[in-house]
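Survey of secondary and tertiary structure
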Amino acid sequence: MRTSVSESRVPVIDLRPWLDGDEEARTDLARTVDQALRSAGFLLVTGHGVEPGLRAGIRQAAREFFLLPVEVKQAYAAKVGGRGWLGPGAEANGYAEGTETPPDLKESLTFATDEPFDDPVVNAEWYAPNVWPAEVPGLRTLCEQYLARMAGLEKELLSLLGYALGLERDFFSRHMDHPTYGFNINWYPGTDVVGEPLPGQFRIGPHTDFGTLTILDRQAGKGGLQVHTEAGGWEDAPYDPAAFTINVGDLLARWTGDRWRSGRHRVLPPPVDAPAEELMSLVYFGECTPGTLVESLPAPVGRVAYPPVDSHAYLREKLNSITVG
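Reading the values: rules and limits
- Residues numbered from 1 in each chain as written.
- Predicted model: local features only at pLDDT ≥ 70, side-chain atom pairs only at ≥ 80, totals over all residues.
- Heavy atoms only, no water.
- Helix = DSSP H or I, 4+ residues; strand = E, 2+ residues; numbered from the N terminus.
- Rg over C-alpha atoms; globule rule 2.2 N^0.38 Å.
- Buried < 20%, exposed > 50% of the residue type's maximum accessible area, 1.4 Å probe, protein only.
- Contact = heavy atoms within 4.5 Å.
- Areas by Shrake-Rupley, 256 points an atom, 1.4 Å probe, with all protein chains shown as cover.
- Lys, Arg positive; Asp, Glu negative; His and termini not counted.
- Charge placed at Lys NZ, Arg CZ, Asp CG, Glu CD.
- Pairing = 2+ DSSP bridges.
- Axes fitted to C-alpha atoms, helices over the stretch in contact; angles between N-to-C directions.
- Left-handed = near helix turned anticlockwise from the far one by under 90°.
- Core = buried A, V, L, I, M, F, W, Y, C linked by side-chain atoms within 4.5 Å.
- Polar contact = N/O pair within 3.5 Å; in protein donor to acceptor, adjacent residues only side chain to side chain.
- Phe/Tyr/Trp six-rings, centres within 6.5 Å; stacked < 30°, edge-to-face > 60°.
- Lys NZ or Arg CZ within 6 Å of the ring centre and 35° of its normal.

**Considerations on the overall build of the protein**
The helix and strand inventory of the protein stands at nine helices and 14 strands. For the protein, the C-alpha radius of gyration of 19 Å lies close to 20 Å, the compact-globule estimate for 325 residues. Along the longest, intermediate and shortest principal axes, the C-alpha atoms of the protein span 55 × 55 × 40 Å. Across the 325 residues in the protein, those meeting the buried criterion constitute 55%. Residue pairs at least 24 apart in sequence account for 78% of intrachain contacts in the protein once pairs closer than 6 positions are excluded. Just so you have it, the protein exposes about 13,700 Å², and 54% of that area is on carbon and sulfur atoms. Positive and negative side-chain charges of the protein, numbering 29 and 45 respectively, have mean locations separated by a distance of 3 Å.

Here it is, written out as C-alpha coordinates:
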(Lines give C-alpha, C1' and ligand atoms only; values in the text may rest on other atoms or scores of the structure.)
Protein backbone atom coordinates (compact mmCIF):
# COMPACT_ATOMS: atom_id res chain seq x y z
CA MET A 1 0.00 0.00 0.00
CA ARG A 2 1.38 3.39 -1.02
CA THR A 3 1.52 6.14 1.56
CA SER A 4 1.77 9.91 1.38
CA VAL A 5 4.18 12.09 3.28
CA SER A 6 2.46 13.59 6.32
CA GLU A 7 1.85 17.32 6.46
CA SER A 8 4.05 17.50 9.55
CA ARG A 9 7.04 16.55 7.40
CA VAL A 10 6.08 18.50 4.25
CA PRO A 11 3.79 21.29 5.44
CA VAL A 12 1.82 23.76 3.37
CA ILE A 13 2.96 27.26 4.29
CA ASP A 14 1.27 30.51 3.33
CA LEU A 15 3.89 33.04 2.27
CA ARG A 16 1.69 36.06 3.01
CA PRO A 17 2.66 36.34 6.71
CA TRP A 18 6.27 36.62 5.56
CA LEU A 19 5.40 39.34 3.06
CA ASP A 20 2.83 41.26 5.13
CA GLY A 21 2.75 39.88 8.69
CA ASP A 22 4.18 41.05 11.98
CA GLU A 23 7.36 39.79 13.58
CA GLU A 24 5.61 37.09 15.60
CA ALA A 25 3.95 35.66 12.46
CA ARG A 26 7.27 35.67 10.63
CA THR A 27 9.02 33.93 13.50
CA ASP A 28 6.35 31.20 13.64
CA LEU A 29 6.58 30.70 9.88
CA ALA A 30 10.37 30.54 9.96
CA ARG A 31 10.28 27.88 12.68
CA THR A 32 7.93 25.71 10.60
CA VAL A 33 10.11 26.13 7.51
CA ASP A 34 13.30 25.21 9.36
CA GLN A 35 11.77 22.04 10.78
CA ALA A 36 10.40 20.90 7.42
CA LEU A 37 13.68 21.45 5.61
CA ARG A 38 15.54 19.55 8.32
CA SER A 39 13.29 16.49 8.04
CA ALA A 40 12.43 16.19 4.34
CA GLY A 41 13.93 19.10 2.40
CA PHE A 42 10.50 19.96 0.95
CA LEU A 43 7.74 22.55 1.46
CA LEU A 44 4.48 23.43 -0.25
CA VAL A 45 4.07 27.19 -0.62
CA THR A 46 0.86 29.12 -1.22
CA GLY A 47 0.32 32.89 -1.11
CA HIS A 48 2.94 33.34 -3.85
CA GLY A 49 0.72 35.41 -6.14
CA VAL A 50 1.52 33.56 -9.39
CA GLU A 51 -1.67 33.29 -11.42
CA PRO A 52 -2.97 29.79 -12.30
CA GLY A 53 -3.77 31.02 -15.82
CA LEU A 54 -0.11 31.73 -16.54
CA ARG A 55 0.89 28.20 -15.57
CA ALA A 56 -1.97 26.70 -17.59
CA GLY A 57 -1.01 28.80 -20.63
CA ILE A 58 2.55 27.50 -20.57
CA ARG A 59 1.33 23.92 -20.39
CA GLN A 60 -1.03 24.40 -23.31
CA ALA A 61 1.63 25.97 -25.53
CA ALA A 62 4.30 23.44 -24.53
CA ARG A 63 1.97 20.53 -25.23
CA GLU A 64 1.47 21.83 -28.77
CA PHE A 65 5.23 21.57 -29.19
CA PHE A 66 5.59 18.12 -27.66
CA LEU A 67 2.90 16.74 -29.99
CA LEU A 68 4.80 17.91 -33.10
CA PRO A 69 6.55 15.28 -35.27
CA VAL A 70 9.97 14.21 -34.02
CA GLU A 71 11.69 15.59 -37.09
CA VAL A 72 10.32 19.06 -36.31
CA LYS A 73 11.37 18.88 -32.68
CA GLN A 74 14.79 17.58 -33.66
CA ALA A 75 15.69 21.01 -35.04
CA TYR A 76 15.67 22.25 -31.44
CA ALA A 77 17.64 19.36 -29.93
CA ALA A 78 19.95 20.42 -27.08
CA LYS A 79 22.37 18.89 -24.61
CA VAL A 80 21.58 18.61 -20.91
CA GLY A 81 22.05 22.06 -19.42
CA GLY A 82 21.51 23.70 -22.81
CA ARG A 83 18.57 25.49 -24.40
CA GLY A 84 16.02 23.65 -26.49
CA TRP A 85 14.49 20.18 -26.67
CA LEU A 86 15.68 17.17 -24.70
CA GLY A 87 14.20 14.19 -26.46
CA PRO A 88 13.58 10.66 -25.16
CA GLY A 89 16.69 9.02 -23.75
CA ALA A 90 18.64 12.25 -23.17
CA GLU A 91 18.79 12.10 -19.38
CA ALA A 92 19.11 9.57 -16.59
CA ASN A 93 18.89 11.51 -13.34
CA GLY A 94 19.72 8.46 -11.25
CA TYR A 95 23.29 8.69 -12.60
CA ALA A 96 23.82 11.75 -10.36
CA GLU A 97 23.78 9.54 -7.26
CA GLY A 98 25.66 6.69 -8.89
CA THR A 99 22.65 4.54 -9.81
CA GLU A 100 22.77 2.96 -13.27
CA THR A 101 19.19 3.29 -14.51
CA PRO A 102 17.64 3.24 -17.96
CA PRO A 103 17.04 6.74 -19.42
CA ASP A 104 14.22 8.80 -17.95
CA LEU A 105 10.78 8.49 -19.57
CA LYS A 106 10.21 12.12 -20.48
CA GLU A 107 10.81 14.91 -22.94
CA SER A 108 11.74 18.43 -21.90
CA LEU A 109 11.84 21.95 -23.21
CA THR A 110 14.70 23.63 -21.40
CA PHE A 111 15.49 27.31 -21.07
CA ALA A 112 17.91 29.23 -18.85
CA THR A 113 19.49 32.56 -18.00
CA ASP A 114 20.33 34.58 -21.10
CA GLU A 115 21.19 38.09 -19.85
CA PRO A 116 24.88 38.67 -20.74
CA PHE A 117 27.53 38.33 -18.05
CA ASP A 118 30.64 40.51 -17.93
CA ASP A 119 33.13 37.61 -18.09
CA PRO A 120 33.18 36.26 -21.68
CA VAL A 121 34.14 32.73 -20.61
CA VAL A 122 31.36 32.55 -18.03
CA ASN A 123 29.00 34.23 -20.47
CA ALA A 124 29.65 31.61 -23.13
CA GLU A 125 29.07 28.70 -20.76
CA TRP A 126 26.11 29.87 -18.68
CA TYR A 127 24.35 32.74 -20.46
CA ALA A 128 23.78 31.51 -24.01
CA PRO A 129 20.65 32.83 -25.80
CA ASN A 130 17.47 30.83 -25.35
CA VAL A 131 16.00 28.99 -28.32
CA TRP A 132 12.24 29.50 -28.66
CA PRO A 133 10.28 27.16 -30.96
CA ALA A 134 8.84 29.08 -33.91
CA GLU A 135 5.95 26.60 -34.11
CA VAL A 136 4.51 27.84 -30.78
CA PRO A 137 5.16 31.61 -30.88
CA GLY A 138 3.17 32.32 -27.73
CA LEU A 139 5.44 30.23 -25.52
CA ARG A 140 8.22 32.80 -25.21
CA THR A 141 6.11 35.59 -23.73
CA LEU A 142 4.44 33.22 -21.28
CA CYS A 143 7.75 31.74 -20.13
CA GLU A 144 9.45 35.11 -19.77
CA GLN A 145 6.60 36.33 -17.57
CA TYR A 146 6.76 33.15 -15.51
CA LEU A 147 10.53 33.27 -15.10
CA ALA A 148 10.40 36.86 -13.88
CA ARG A 149 7.90 35.74 -11.23
CA MET A 150 10.10 32.78 -10.28
CA ALA A 151 13.16 35.00 -9.81
CA GLY A 152 11.23 37.26 -7.47
CA LEU A 153 9.76 34.33 -5.56
CA GLU A 154 13.16 32.68 -5.18
CA LYS A 155 14.65 35.84 -3.65
CA GLU A 156 11.78 36.09 -1.16
CA LEU A 157 12.18 32.45 -0.20
CA LEU A 158 15.94 32.79 0.23
CA SER A 159 15.38 35.86 2.42
CA LEU A 160 12.97 33.83 4.55
CA LEU A 161 15.56 31.06 4.80
CA GLY A 162 18.27 33.44 5.97
CA TYR A 163 15.88 34.71 8.62
CA ALA A 164 14.96 31.16 9.64
CA LEU A 165 18.60 30.48 10.49
CA GLY A 166 18.96 33.66 12.54
CA LEU A 167 21.20 35.21 9.88
CA GLU A 168 20.92 38.38 7.82
CA ARG A 169 17.94 38.20 5.50
CA ASP A 170 20.24 38.67 2.52
CA PHE A 171 22.71 35.98 3.65
CA PHE A 172 21.76 33.80 0.66
CA SER A 173 20.02 36.30 -1.62
CA ARG A 174 23.03 38.62 -1.83
CA HIS A 175 24.72 35.94 -3.90
CA MET A 176 22.10 36.49 -6.61
CA ASP A 177 23.13 39.81 -8.14
CA HIS A 178 23.49 38.05 -11.52
CA PRO A 179 22.32 34.48 -10.90
CA THR A 180 21.87 31.63 -13.30
CA TYR A 181 18.84 29.37 -13.34
CA GLY A 182 17.49 26.48 -15.34
CA PHE A 183 13.87 26.05 -16.37
CA ASN A 184 12.51 22.74 -17.61
CA ILE A 185 9.04 22.02 -18.93
CA ASN A 186 8.91 18.26 -18.42
CA TRP A 187 6.40 16.23 -20.40
CA TYR A 188 5.56 12.79 -19.04
CA PRO A 189 3.44 11.01 -21.67
CA GLY A 190 1.85 7.60 -21.33
CA THR A 191 3.07 4.23 -22.55
CA ASP A 192 1.54 4.88 -25.98
CA VAL A 193 4.44 7.32 -26.49
CA VAL A 194 7.27 5.98 -24.32
CA GLY A 195 6.51 2.26 -24.41
CA GLU A 196 6.47 -0.14 -21.48
CA PRO A 197 8.93 0.90 -18.76
CA LEU A 198 12.04 -1.21 -18.37
CA PRO A 199 12.96 -2.59 -14.93
CA GLY A 200 14.20 0.29 -12.79
CA GLN A 201 13.03 2.93 -15.28
CA PHE A 202 11.27 6.08 -14.09
CA ARG A 203 9.85 9.23 -15.57
CA ILE A 204 12.69 10.78 -13.57
CA GLY A 205 15.07 8.54 -11.65
CA PRO A 206 15.95 9.03 -7.97
CA HIS A 207 18.12 12.09 -7.40
CA THR A 208 18.62 15.34 -5.55
CA ASP A 209 18.65 18.69 -7.34
CA PHE A 210 21.93 20.48 -7.70
CA GLY A 211 21.40 24.18 -6.99
CA THR A 212 19.89 26.29 -4.21
CA LEU A 213 16.09 26.02 -4.35
CA THR A 214 13.83 24.29 -6.86
CA ILE A 215 10.35 25.74 -7.44
CA LEU A 216 8.06 23.12 -8.96
CA ASP A 217 4.57 23.52 -10.37
CA ARG A 218 3.29 19.99 -10.87
CA GLN A 219 0.20 17.98 -11.61
CA ALA A 220 -1.12 15.15 -9.48
CA GLY A 221 -1.02 11.64 -10.91
CA LYS A 222 -0.53 7.99 -10.06
CA GLY A 223 2.80 8.15 -11.87
CA GLY A 224 3.78 11.35 -10.07
CA LEU A 225 6.28 12.74 -7.60
CA GLN A 226 7.59 10.78 -4.65
CA VAL A 227 9.92 12.11 -1.95
CA HIS A 228 12.30 10.18 0.27
CA THR A 229 12.46 10.72 4.01
CA GLU A 230 14.52 8.95 6.64
CA ALA A 231 11.36 8.17 8.60
CA GLY A 232 9.19 6.79 5.81
CA GLY A 233 11.36 5.92 2.81
CA TRP A 234 9.67 6.60 -0.55
CA GLU A 235 6.25 8.20 -0.19
CA ASP A 236 3.87 10.08 -2.48
CA ALA A 237 4.44 13.82 -2.25
CA PRO A 238 1.52 15.86 -0.93
CA TYR A 239 -0.31 17.92 -3.52
CA ASP A 240 -2.14 21.24 -3.45
CA PRO A 241 -3.13 22.70 -6.85
CA ALA A 242 -2.60 26.23 -5.53
CA ALA A 243 0.87 25.50 -4.14
CA PHE A 244 4.37 25.33 -5.49
CA THR A 245 6.50 22.44 -4.28
CA ILE A 246 9.81 23.80 -2.99
CA ASN A 247 12.85 21.66 -2.34
CA VAL A 248 16.39 22.26 -1.17
CA GLY A 249 19.18 21.52 -3.64
CA ASP A 250 22.70 20.25 -3.00
CA LEU A 251 24.37 23.66 -2.86
CA LEU A 252 22.00 25.00 -0.23
CA ALA A 253 22.33 21.79 1.79
CA ARG A 254 26.12 22.15 1.73
CA TRP A 255 25.80 25.83 2.65
CA THR A 256 23.80 24.92 5.76
CA GLY A 257 26.19 22.12 6.69
CA ASP A 258 23.41 19.59 6.07
CA ARG A 259 21.09 21.20 8.58
CA TRP A 260 18.66 21.21 5.65
CA ARG A 261 18.34 18.11 3.53
CA SER A 262 18.78 18.15 -0.21
CA GLY A 263 15.36 16.71 -1.02
CA ARG A 264 15.72 13.30 -2.67
CA HIS A 265 12.88 12.56 -5.07
CA ARG A 266 11.77 10.67 -8.17
CA VAL A 267 8.85 10.63 -10.61
CA LEU A 268 7.18 7.24 -11.03
CA PRO A 269 6.74 5.62 -14.46
CA PRO A 270 3.33 5.54 -16.19
CA PRO A 271 1.14 3.44 -13.88
CA VAL A 272 -0.04 -0.01 -14.92
CA ASP A 273 -3.65 0.87 -14.10
CA ALA A 274 -3.50 4.21 -15.97
CA PRO A 275 -0.99 3.69 -18.80
CA ALA A 276 -2.26 6.67 -20.82
CA GLU A 277 -1.70 9.12 -17.94
CA GLU A 278 -0.01 12.31 -19.15
CA LEU A 279 1.51 14.87 -16.79
CA MET A 280 3.52 18.06 -17.23
CA SER A 281 5.73 19.85 -14.71
CA LEU A 282 7.21 23.34 -14.73
CA VAL A 283 10.54 23.18 -12.91
CA TYR A 284 12.59 26.25 -11.97
CA PHE A 285 16.08 25.40 -10.72
CA GLY A 286 17.45 28.30 -8.68
CA GLU A 287 21.18 28.86 -8.66
CA CYS A 288 23.43 31.77 -7.70
CA THR A 289 25.94 34.09 -9.36
CA PRO A 290 28.84 32.22 -11.01
CA GLY A 291 31.97 32.29 -8.89
CA THR A 292 30.07 32.06 -5.60
CA LEU A 293 32.07 30.13 -3.03
CA VAL A 294 29.72 27.90 -1.03
CA GLU A 295 31.13 27.33 2.47
CA SER A 296 29.35 25.31 5.16
CA LEU A 297 27.95 27.31 8.03
CA PRO A 298 29.58 26.26 11.32
CA ALA A 299 27.78 24.89 14.37
CA PRO A 300 25.31 25.49 15.87
CA VAL A 301 23.68 26.03 12.45
CA GLY A 302 25.66 23.46 10.49
CA ARG A 303 26.01 19.74 11.17
CA VAL A 304 28.67 18.75 8.59
CA ALA A 305 31.66 20.81 7.42
CA TYR A 306 31.96 20.29 3.66
CA PRO A 307 35.01 21.56 1.78
CA PRO A 308 34.27 24.91 0.09
CA VAL A 309 33.09 24.51 -3.49
CA ASP A 310 32.71 26.82 -6.48
CA SER A 311 28.98 26.86 -7.16
CA HIS A 312 29.16 26.49 -10.92
CA ALA A 313 32.01 24.01 -11.04
CA TYR A 314 29.74 21.84 -8.90
CA LEU A 315 26.73 22.45 -11.16
CA ARG A 316 28.66 21.62 -14.34
CA GLU A 317 29.94 18.35 -12.86
CA LYS A 318 26.42 17.31 -11.89
CA LEU A 319 24.85 18.27 -15.23
CA ASN A 320 27.50 16.24 -17.03
CA SER A 321 26.84 13.27 -14.76
CA ILE A 322 23.18 12.86 -15.82
CA THR A 323 23.84 13.14 -19.56
CA VAL A 324 23.25 9.87 -21.41
CA GLY A 325 25.82 9.01 -24.05
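From this point, things continue past the structure.
**Some points on the pairing of strand E5 (residues 181-188)**
Regular strands place their side chains on alternate faces of the sheet. Burial of E5 is extensive: eight of the eight residues sit out of reach of the surface. In terms of strand pairing, strand E4 (residues 107-112) meets E5 through six bridges, oriented antiparallel. Counterpart to Glu107 in the pairing with E5 is Trp187. Taken together, the eight bridges between E5 and strand E12 (residues 279-286) define a ladder with antiparallel strand orientation. Within the sheet, the bridge partner assigned to Trp187 lies in E12 and is Met280.

**Some points on the packing of helix H3 (residues 52-66) against helix H6 (residues 138-164)**
A pair of packed helices is captured by two measures, namely the crossing angle of their axes and the spacing between those axes. Between H3 and H6, whose axes approach to 9 Å, the crossing angle comes to 145 degrees. In the crossing of H3 with H6, the sense of the turn from one axis to the other is left-handed. Between H3 and H6, the residues in contact are Leu54, Arg55, Gly57, Ile58, Ala61 and Ala62 and Leu139, Leu142, Cys143, Gln145 and Tyr146, respectively.

**Description of the nonpolar core**
Counting 72 residues, the largest nonpolar core has Phe66, Leu139, Tyr146, Leu161, Phe172, Ile185 and Trp260 as its most contacted members. Here the element with the most residues in this core is H6; it accounts for 12 residues. Residues contacting Leu139, with those up to four places away along its chain left out, are Ile58, Ala61, Ala62, Leu109, Phe111, Trp132, Pro133 and Ile185. Membership of the second largest hydrophobic core comes to 14 residues, among which are Ala40, Leu225, Val267 and Val283.

**Brief notes about helix H9 (residues 311-321)**
Those residues of H9 lying buried are Ser311, His312, Tyr314, Leu315, Arg316, Lys318 and Leu319. As for H9, its buried residues are in contact with helix H5 (120-126), helix H8 (250-255), strand E13 (293-294) and strand E14 (309-310). One side-chain oxygen at the N-terminal end of H9 lies 3.0 Å from the backbone nitrogen of His312; it belongs to Asp310.

**Concerning the packing of aromatic side chains**
Scanning all chains against the criterion turns up 11 aromatic pairs. Linked through ring pairs, Phe65, Phe66, Tyr76 and Trp187 together constitute an aromatic cluster. Across from the ring centre of Trp18, 5.3 Å away, lies the NZ or CZ of Arg26, which sits over that ring. Its guanidinium or amino end placed over the ring of Trp234, Arg266 lies 4.2 Å from that ring's centre, counting from NZ or CZ.

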